[in-house]
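Fold and geometry: a report
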Amino acid sequence: SITDLTLNDFKMDLMGYLKTDEARLQKTPLGIHSAVLNQDETNDSIEKGTIFCLKLLKNEVQTDNYSLEPYYLVYVDEEGEVKLGFSSAKTILDIYKKLCIAQERAIQDAVTLFENETDNYNNMNKYTTQLQTTIESIIGKKEESGMNSLFSRGGTTISSDTISNIEDFELISYLVIK
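Here's what I pulled together on the structure shown here.

Quick notes on the rules
- Residues numbered from 1 in each chain as written.
- Predicted model: local features only at pLDDT ≥ 70, side-chain atom pairs only at ≥ 80, totals over all residues.
- Heavy atoms only, no water.
- Helix = DSSP H or I, 4+ residues; strand = E, 2+ residues; numbered from the N terminus.
- Buried < 20%, exposed > 50% of the residue type's maximum accessible area, 1.4 Å probe, protein only.
- Contact = heavy atoms within 4.5 Å.
- Areas by Shrake-Rupley, 256 points an atom, 1.4 Å probe, with all protein chains shown as cover.
- Phe/Tyr/Trp six-rings, centres within 6.5 Å; stacked < 30°, edge-to-face > 60°.
- Expected span 1.5 Å × (residues − 1).
- Pairing = 2+ DSSP bridges.
- Axes fitted to C-alpha atoms, helices over the stretch in contact; angles between N-to-C directions.

1. Overview of the overall build of the chain
Broken down by element type, the chain carries four helices and five strands. Traced from its N-terminal end to its C-terminal end, the chain shows the element sequence α-β-β-β-β-α-α-α-β. Taken across its 178 residues, the chain has 35% of its residues classed as buried. Nonlocal contacts in the chain, meaning residues at least 24 apart in sequence, comprise 71% of its contacts between residues at least 6 apart. Total accessible area on the chain stands at roughly 11100 Å², and carbon and sulfur atoms take up 51% of it.

2. A look at unusual backbone geometry
In this model, Glu69 is joined to Pro70 through a cis peptide bond whose omega is 10 degrees. Tracing the backbone shows Pro70 in the loop between strand S2 (49-56) and strand S3 (71-77). The phi torsion at Asn120 lies on the positive side, around 55 degrees, for a residue other than glycine. Looking at the secondary structure, you find Asn120 in the loop between helix H3 (108-117) and helix H4 (125-149). Of note, Tyr121 is a non-glycine position whose phi angle comes to about 75 degrees, a positive value. You can see Tyr121 is positioned in the loop between H3 and H4.

3. Brief notes about the packing of aromatic side chains
Counted by the stated rule, this structure contains five aromatic pairs. Seen from their ring centres, Phe114 and Tyr121 are 5.3 Å apart, and the 75 degrees between their planes marks the pair as edge-to-face. Residue Phe114 is classed as buried on the basis of its relative accessible area, which comes to 2%. Three or more aromatic residues joined by ring pairs make a cluster, and in this case those are Tyr72, Phe86 and Phe169.

4. A few points about helix H2 (residues 89-100)
Given a rise of 1.5 Å per residue, twelve residues ought to cover 16 Å, and the 16 Å separating the end C-alpha atoms of H2 matches this to within 8%. All buried positions along H2 are accounted for by Ala89, Lys90, Ile92, Leu93, Ile95 and Leu99.

5. What to know about the sheet that holds strand S5 (residues 169-177)
As summarised here, the arrangement of the five strands in space is S1-S5-S2-S3-S4, forming an open sheet in which the pairing is mixed. Of all strands in the sheet, those bounded by a partner on one side alone are strand S1 (32-36) and strand S4 (82-84). In this sheet, neighbouring strand axes are inclined to one another by 30 degrees on average, regardless of whether the strands run parallel or antiparallel. With five bridges connecting them, S1 and S5 associate as parallel partners. What sits directly across from His33, in S5, is Tyr174. Strands S1, S2, S3, S4 and S5 of the sheet are contacted by H2, whose axis makes an angle of about 70 degrees with S3.

Below, the structure is given as structure tokens:
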């Protein structure tokens, strides 16, 4: 169906959630995270890694044809390589939903693996590096989009006030896939 190509199904899910849990969502702190186990060995597209959700704080920088602006989803694998960039938001949301839809509580085995790996959150170097890679991928794609827009009608998206570093983003959430 046509909704398979758009984000309408996710928007409808969010609207339903807001009807019942808006106050809870507003109280949710930034940087919230969880860990899940990929228990579907038949699906090669879901690898161990992290899905980051970031918000761009500079509103004047915009990407044409990106429906989640100012939010960005990026999927980085265990080796720190971008598996799916922000332009693949629909695919990332499908993976996120598949891994989390039936879970009402944290998966303790996944949380324990994450806590052990990070020495109970004392060594977050791997995830800091993944976050930096995520931001670099967003900046690079936005600059590429701006360059491409030079050759299209209607002007350009390049701005003298471009995104330059991690301070231009706010970490909304991340999901660690074990």
